[in-house]
Amino acid sequence: MSKIFILAVISCFLVACNKINVFEKNIAVNNHEWKSNFTPTITFQIDDTASAYNLFVVLRHSDAYNFNNLWLKCTVTLPDSSKKSQQYNLPLANNDTGWMGTGMDDIFETRILIQPQTKFNKPGHYRFMLQQVMREDPLKHVLNVGLRIEKI
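Values in this document were obtained by computation on a predicted structure and should not be read as measured data. (Residues numbered from 1 in each chain as written. Predicted model: local features only at pLDDT ≥ 70, side-chain atom pairs only at ≥ 80, totals over all residues. Heavy atoms only, no water.)

### What about the nonpolar core?
And step 1. Trp-34, Phe-44, Tyr-65, Leu-70, Leu-90 and Leu-139 are the most contacted members of the largest nonpolar core, which totals 35 residues.
And step 2. Mapped by element, the contributors of at least two residues to this core are strand S3 (41-46), strand S4 (52-62), strand S5 (69-77), strand S6 (83-91), strand S10 (107-119), strand S11 (124-132) and strand S13 (142-151).
And step 3. Contact partners of Leu-70, with chain neighbours within four places excluded, come to Trp-34, Leu-59, Tyr-65, Tyr-88, Asn-89, Leu-90, Leu-92, Gln-132, Met-134 and Leu-139. (Core = buried A, V, L, I, M, F, W, Y, C linked by side-chain atoms within 4.5 Å. Buried < 20%, exposed > 50% of the residue type's maximum accessible area, 1.4 Å probe, protein only. Helix = DSSP H or I, 4+ residues; strand = E, 2+ residues; numbered from the N terminus. Contact = heavy atoms within 4.5 Å.)

### A word on the pattern of salt bridges
And step 1. A complete count under the given rule lists 6 salt bridges for this structure.
And step 2. Ionic pairing is found between Glu-24 and Arg-111, a salt bridge with its closest N-O pair at 3.6 Å. Pair noted here: Glu-24 is in strand S1 (residues 22-28) and Arg-111 is in strand S10, with a separation of 87 residues, a long-range link.
And step 3. On the basis of relative accessibility, which here comes to 43%, the residue Arg-111 falls in the partly exposed class.
And step 4. The salt bridge involving Asp-48 is made with Lys-151; its shortest N-O contact spans 2.8 Å. With a gap of 103 residues between them, Asp-48 in the loop between S3 and S4 and Lys-151 in strand S13 connect regions that are remote in the sequence. (Salt bridge = Lys/Arg side-chain N within 4 Å of Asp/Glu carboxyl O.)

### Here we look at the confidence of the model for the protein
And step 1. Model confidence for the protein is summarised by a mean pLDDT of 88, while 87% of its residues fall at 70 or above.
And step 2. Below a pLDDT of 50 lies the segment residues 12-18, which in the model reaches 0 contacts outside its immediate sequence neighbourhood of four places, other chains included. (pLDDT = per-residue confidence, 0-100.)

### Quick notes on the side chain of Thr-110
And step 1. One can find Thr-110 in strand S10.
And step 2. The contacts of Thr-110, once residues within four sequence positions are left out, are Val-57, Val-58, Leu-59, His-61, Leu-92 and Gly-101.

### Overview of the packing of aromatic side chains
And step 1. Tallying each qualifying case throughout the model produces 9 aromatic pairs.
And step 2. Considering the side-chain rings of Phe-44 and Tyr-126, the 6.0 Å spacing of their centres and the 15 degrees angle between planes classify their relative orientation as stacked. With Phe-44 in strand S3 and Tyr-126 in strand S11, this residue pair connects regions lying 82 residues apart in the sequence. No difference in accessibility class separates Phe-44 from Tyr-126, as the two residues are buried.
And step 3. Their ring planes at 25 degrees and their centres at 5.6 Å tell us that Phe-44 and Phe-128 sit as a pair that is stacked. Remark: Phe-128 occurs in strand S11 and Phe-44 occurs in strand S3; sequence separation between them is 84 residues.
And step 4. In this structure Phe-44 comes out as buried when scored by relative accessible area, which is 4%. (Phe/Tyr/Trp six-rings, centres within 6.5 Å; stacked < 30°, edge-to-face > 60°.)

### Describing the pairing of S10
The side chains of a regular strand alternate between both faces of the sheet.
And step 1. Bridging between S4 and S10 involves 10 bridges; their strand directions are antiparallel. Bridging from a neighbouring strand, Phe-56 pairs with Leu-113 of S10.
And step 2. Taken together, the 3 bridges between strand S9 (residues 102-104) and S10 define a ladder with antiparallel strand orientation. Along S10, the bridge assignment pairs Met-104 with Ile-107.
And step 3. Linking two consecutive strands that pair antiparallel, namely S9 and S10, is a turn of 2 residues; a positive phi of about 60 degrees is found at Asp-105 within it. (Pairing = 2+ DSSP bridges.)

### Points about the sheet that holds S4
And step 1. The strand order S1-S13-S4-S10-S9 describes an open sheet built from 5 strands, whose pairing is antiparallel. In this open sheet, the two edge strands, each paired with only one partner strand, are S1 and S9. Ignoring strand direction, the axes of neighbouring strands in this sheet form an average angle of 15 degrees. (Axes fitted to C-alpha atoms, helices over the stretch in contact; angles between N-to-C directions.)

Below is the structure:
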């Protein structure tokens, strides 16, 4: 019995020593109405330019959200202050199965891969600015929006 306990303790120490290779930050949307001039900005540090990363947009919305998708403009400011922008049409639901994210009661969270296996060429601070570009302004029933970065 004591050997199992010692093995369990050693396993906990080994797991605790592993560096977590995930960054996630979510920003609350005031009054659950995402206005087009509200541009959540998320800054993170990249030191390892040899690794690849998966970038996800994280969206939390209520069941009352009016659309099956989200049009999003993402602008990234690189460490050298240059900027790149791209628009994404992010699917949130389909007519056959409903919401794609995980849900509890009437709140759903969806993580959508926007940039698989991305390489960051320069170490330093990267700043992502997220802007909704939907036809409804403000975009109602959005609770949080964020960015998740996973080292592959």
